Amino acid sequence: MKRALFPGSFDPITLGHYDIINRGVHLFDEIVVAIGVNAQKNYMFSLDQRKQFTEEAFKNQPKVKVITYEGLTIDVCKKINAEFILRGLRNPADFEFEKAIAHTNRKLSKIETVFLLTASKTSYISSSIVRDVIRNGGDYTVLVPESVKV
């Protein structure tokens with residue numbers, strides 16, 4: 001079984017994340033969306049809310065599972081027997097950042113990182129933009145799956 005871990009904070013999940021996961025299910029037998037906890041971040045949504053948004057978005061996709069985790073991503077990969085980490089790239093800055101993480105993960109383990117370019121129609125969307133739209137009373141619903149409700 002080809003299992004990929006798709007890690008992130010998903011605060012909240014966006015249409016960009018949703019697109020990468022939906023495209024990834026054609027490449028892998030299973031995608032485990034791993035919602036991480038980073039003590040240095042101040043989240044808009046609780047861990048339970050972020051998990052619920054994501055589970056609801058993929059309730060009809062049996063190849064997608066959702067978990068939460070703390071610690072190193074490669075440790076989660078080992079724990080669930082994931083051979084791959086799936087990541088989306090929006091722009092060159094994402095690539096440089098993700099490349100450094102992928103090299104580190106590969107040095108610490110044998111895990112391979114697979115990058116998918118975001119679709120042009122979602123490449124401008126980030127969770128931080130969505131949070132800013134929400135904070136300022138804008139229509140965030142055009143940026144997130146229907147499961148994200150504020």
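This is a predicted model, so every value here is computed, not measured. Counting from 1, residues in each chain are numbered in the order their sequence is written. Residues qualify for local features only when their pLDDT is at least 70, as the model is predicted, and side-chain atom pairs are given and counted only at 80 or more; totals for whole chains, interfaces and linings, by contrast, use all residues. Computation of side-chain values covers all heavy atoms of the structure but excludes hydrogens and water.

Caption draft 1: Fine view of unusual backbone geometry. With an omega of 0 degrees, the peptide bond running from Asp 11 to Pro 12 counts as cis. Counting from the N terminus, the helices are DSSP H or I runs at least four residues long and the strands are E runs at least two residues long. Structurally, Pro 12 can be placed in the loop between strand E1 (3–8) and helix H1 (15–24).

Caption draft 2: Structural detail: the pattern of salt bridges. Think of a salt bridge as a Lys or Arg side-chain nitrogen and an Asp or Glu carboxyl oxygen that are within 4 Å of each other. What the rule picks out here adds up to nine salt bridges. Its salt-bridge partner being Arg 23, residue Asp 19 comes within 2.8 Å of it at the nearest N-O pair. Residue Asp 19 and its partner Arg 23 are both found in helix H1; the two are separated by four residues, about one turn of the helix. Note that Glu 56 is salt-bridged to Lys 59, the shortest N-O span being 2.9 Å. Exposure classes here rest on a 1.4 Å probe applied to the protein chains alone. A residue is buried below 20% of its type maximum, exposed above 50%, and partly exposed in between. Overall, the relative accessible area of 39% leaves Glu 56 in the partly exposed class.

Caption draft 3: Main features of H1. Three or more residues of H1 are buried, namely Gly 16, His 17, Asp 19, Ile 20, Ile 21 and Gly 24. Whether two residues are in contact is decided by their heavy atoms: any pair within 4.5 Å suffices. For H1, the elements touching its buried residues are E1, strand E2 (30–36), strand E3 (64–69), strand E4 (84–89), strand E5 (112–117) and helix H5 (127–135).

Caption draft 4: Expanded view of the nonpolar core. Nonpolar cores are built from buried Ala, Val, Leu, Ile, Met, Phe, Trp, Tyr and Cys residues. Side-chain atoms within 4.5 Å join them into one set. Counting 27 residues, the largest nonpolar core has Phe 6, Ile 13, Ile 21, Ile 31, Val 33, Leu 86 and Val 130 as the members making the most contacts within it. The set of elements that each furnish at least two residues to this core consists of E1, H1, E2, helix H2 (47–57), E3, E4 and H5. Ranked by residue count, the leading element in this core is E2, at three residues. Excluding residues within four positions of it along the chain, Ile 21 makes contact with Phe 6, Ile 13, Ile 31, Val 33, Phe 58 and Val 64. Counting 11 residues, the second largest nonpolar core, distinct from the first, contains Ala 34, Cys 77, Ile 80 and Ile 111.

Caption draft 5: Here's a closer look at the sheet that holds E1. Pairing is parallel across the open sheet formed by five strands, whose spatial order is E3-E2-E1-E4-E5. Both outer strands of the open sheet, E3 and E5, are each paired with one neighbouring strand and no more. The average angle at which neighbouring strand axes cross in this sheet is 30 degrees, direction not considered. For two strands to count as paired, DSSP must find a minimum of two bridges between them. Pairing analysis gives six bridges linking E1 to E2, with the strands arranged parallel. Bridge pairing links Pro 7 to Ala 34 in E2. Axis definition: a line fitted to C-alpha atoms, over the contacting stretch in the case of helices. Angles run 0 to 180 degrees between N-to-C directions. Where H1 meets the sheet, it contacts E1, E2, E3, E4 and E5, and its direction lies at approximately 115 degrees from that of E5.

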